[in-house]
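Report on the structure
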Amino acid sequence: MANERLRALEEVEKEIAMILQCAGNVLLELSKDKHNASFLDRQLAQFLSSVNRIESELSGQIRYLTQVATGQPHEGSTYSARKDCQMALNRAEYAKVKLGELGRTCELMLDQQQ
């Protein structure tokens, strides 16, 4: 799973390089006295297509990281289970303290009645 995510990010990196190449090609073409409109249109289409693919992939990566960071269950992680366990231990310790306080209060009340 992690390798797939890394490969996807490598593909995003390649797409970014392609965007930069398209931008360079467009600037080079625009620097000429006579522009090739069809070439500029193809470069624009490739640029927009790459931007859409990058946006889509990065949005997916961000959704995944958001899911992981919020403790929602996802494949390959024990974070949520560990977090739940720790919270249960904290609640049990709190209940133990409160029961101890209640016990002491009851003992004091019984001692005062005698």
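Now for a look at the structure at hand. The shown structure was predicted, so the numbers you read here are calculated from the model rather than taken from an experiment.

Side note on the overall build of the chain
For the chain, the count of helices and strands is three helices and zero strands. Scanning the chain from its N terminus toward the C terminus, one meets helices and strands in the order α-α-α. On C-alpha atoms alone, the chain measures out to a radius of gyration of 31 Å, which is more than a quarter above the 13 Å that the 2.2 N^0.38 rule sets for 114 residues. Taken along the three principal axes of its C-alpha coordinates, the chain extends 110 × 25 × 15 Å. Within the span of the chain, comprising 114 residues, buried residues form 14% of the whole. Sequence separation of at least 24 residues holds for 55% of the intrachain contacts in the chain that already meet a minimum separation of 6. When the accessible surface of the chain is totalled, it reaches about 9200 Å², and 60% of it is carbon and sulfur. Distance between charge centres in the chain, computed from 14 positive and 16 negative side chains, equals 1 Å.

Brief notes about a nonpolar patch on the surface
Nonpolar side chains collect at one region of the surface, where Leu6, Leu9, Leu58 and Ile62 lie side by side and expose about 350 Å² of accessible area between them. Residue assignment for the nonpolar patch shows that the elements contributing at least two residues are helix H1 (2-30) and helix H2 (37-69). Accessibility expressed as a relative area gives 34% for Leu58, which makes it partly exposed.

What counts and how
- Starting afresh in each chain, residues are numbered from 1 along the sequence in its written order.
- Local features in this predicted model are restricted to residues whose pLDDT is 70 or higher, and side-chain atom pairs enter the listing and the counts only when it is 80 or higher, whereas totals over whole chains, interfaces and linings include all residues.
- Side-chain numbers here rest on the full set of heavy atoms in the structure, without hydrogens or water.
- Secondary structure counts use DSSP, requiring at least four H or I residues in a row for a helix and at least two E residues in a row for a strand, with both numbered from the N terminus.
- Only C-alpha atoms enter the radius of gyration; for comparison, a globular chain is expected to reach 2.2 Å times N to the power 0.38, where N is the number of residues.
- Each residue is assigned to one of three classes by its accessible area relative to the maximum for its type, calculated with a 1.4 Å probe on protein chains only: buried under 20%, partly exposed between the two thresholds, exposed over 50%.
- The contact criterion used throughout is that any non-hydrogen atoms of two residues lie within 4.5 Å.
- For the accessible areas, the method is Shrake-Rupley and the probe is 1.4 Å, while residue cover comes only from the protein chains on display.
- Working convention for charge: Lys and Arg count positive, Asp and Glu count negative, and His plus the chain ends are omitted.
- Positions of charges follow a simple convention, taking NZ of Lys, CZ of Arg, CG of Asp or CD of Glu.
- Two distance rules govern patches: like charges are joined within 9 Å, and nonpolar side chains (Val, Leu, Ile, Met, Phe, Trp, Tyr) within 5 Å, applied only to residues with over 30% relative accessible area and no salt bridge.
- Any Lys or Arg side-chain nitrogen found within 4 Å of a carboxyl oxygen on Asp or Glu counts as a salt bridge.

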